[in-house]
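Inside the fold
Chain by chain, the residues run as shown.
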Amino acid sequence: MLLFIPFFSYVITKLGFQPNGQAPVSSTDKGVTPGLDGVDWSPPRRLRTDEIPALINDFRLAARNAIDAGFDGVEIHGANGYIIDQFLKDQVNDRTDQYGGTLENRCRLALEIVEAVANEIGGDKVGIRLSTFADYMECGDSNPEALGLHMANELNKYGILYLHVIEPRMVQVGNKAETPYSTLPMKKAFKGTFISAGGYKRDDGDKAVADGNADLVAFGRLFLANPDLPRRFEVDADLNKYNRATFYIQDPVVGYTDYPFLEV
């Protein structure tokens with residue numbers, strides 16, 4: 001059965017999207033560079049220590065609701081500059097409580113969320129996505145290898161189904177970069193299924209699995225633009241080109257369900 005994956009996350013965003021114009025929450029009260037990606041981002045509010053249990057509970061409840069709604073499992077979104085990523089990365093997290101400072105402290109929120117969700121619905125229904133090597137939304141880390149390896153090892157305690165990691169070459173969204181880093185140490189450390197993502201095509205995806213660098217390869221943009229992607233790969237057909245400008249618009253059709261299938 002197809003695994004449906006809801007994403008749960010908080011993000012630094014515009015005040016207009018927040019209830020009553022409140023500031024979005026983060027690990028810090030430092031904002032991103034004004035005008036980043038052409039957006040007027042609002043400054044965040046540092047989440048108080050006593051507010052963190054409620055945040056963890058939000059993830060737990062979201063997972064329970066997803067299962068009750070008929071989903072097979074959930075993927076916790078710990079990547080791409082969202083709130084878990086903001087706690088993990090030392091270039092953002094400047095806290096002095098038990099959720100900041102050391103590597104272990106910065107990983108505490110992510111692992112407490114994983115534990116709560118796994119206890120609620122079962123670890124065999126849980127995955128997590130990480131982008132330890134990336135710098136999305138100015139959310140980078142000074143030692144991504146150590147961060148990734150620590151998370152891979154610690155996640156084994158909760159018996160989750162898979163770890164989904166964005167390739168180091170995807171430092172910025174949509175652009176491949178030369179990098180000395182590899183996710184292979186994370187794969188070797190993690191005892192569950194290891195999924196790799198990040199700019200893959202058919203051939204290099206096959207090679208990543210054949211070479212033992214991943215158990216599975218995830219396709220995002222290509223699948224969005226090609227709803228019959230497996231069939232196209234099978235027959236070596238041309239692929240529809242995706243239009244990034246339509247990825248996050250509110251139109252229910254454009255950019256979501258208007259890409260053509262192969263003609264039979």
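As a reminder, the structure under discussion sits directly above these lines.
Residues numbered from 1 in each chain as written. Predicted model: local features only at pLDDT ≥ 70, side-chain atom pairs only at ≥ 80, totals over all residues. Heavy atoms only, no water.

**A closer look at the packing of helix α4 (residues 108-121) against helix α5 (residues 144-155)**
The geometry of α4 relative to α5 is characterised by a closest axis approach of 11 Å and an angle of 25° between their N-to-C directions. By the angle between their directions, the pair α4 and α5 is classed as roughly parallel. Of the two elements, α4 crosses α5, and the hand of that crossing is right-handed. On α5, the residues touching A110, L111 and V114 of α4 are M151, E154 and L155. Tallied by class, the residues present in the contact of α4 with α5 amount to five nonpolar, no polar and one charged. (Axes fitted to C-alpha atoms, helices over the stretch in contact; angles between N-to-C directions. Helix = DSSP H or I, 4+ residues; strand = E, 2+ residues; numbered from the N terminus. Parallel < 35°, antiparallel > 145°, perpendicular 65-115°, else oblique. Left-handed = near helix turned anticlockwise from the far one by under 90°. Contact = heavy atoms within 4.5 Å. Nonpolar A, V, L, I, M, F, W, Y, C, P; charged D, E, K, R; others polar.)

**Topic: the nonpolar core**
Grouped together as the largest cluster of nonpolar side chains are 41 residues, with contacts concentrated most on I76, V117, M151, L155 and L163. Those elements that provide at least two residues to this core are α1 (52-68), β3 (74-78), α2 (83-88), α4, β4 (126-130), α5, β5 (162-166) and α6 (184-189). Take this core: its biggest share by element is eight residues, from α4. Apart from residues lying up to four places away in sequence, L155 is in contact with L111, V114, I128, L130, I160, L163 and F190. (Core = buried A, V, L, I, M, F, W, Y, C linked by side-chain atoms within 4.5 Å. Buried < 20%, exposed > 50% of the residue type's maximum accessible area, 1.4 Å probe, protein only.)

**Let's talk about the pattern of salt bridges**
Tallied over the full model, the rule gives 19 salt bridges. A salt bridge links E120 to R64; the nearest nitrogen and oxygen atoms lie 2.9 Å apart. Of this pair, E120 sits in helix α4 while R64 sits in helix α1, placing them 56 residues apart in sequence. By relative accessible area, R64 is classed as partly exposed at 24%. The salt bridge involving R232 is made with D228; its shortest N-O contact spans 2.7 Å. Of the two residues examined, R232 and D228, each falls in the buried class. Taken together, the shared-partner salt bridges in this structure form one network comprising R45, R48, D50 and E51. (Salt bridge = Lys/Arg side-chain N within 4 Å of Asp/Glu carboxyl O.)

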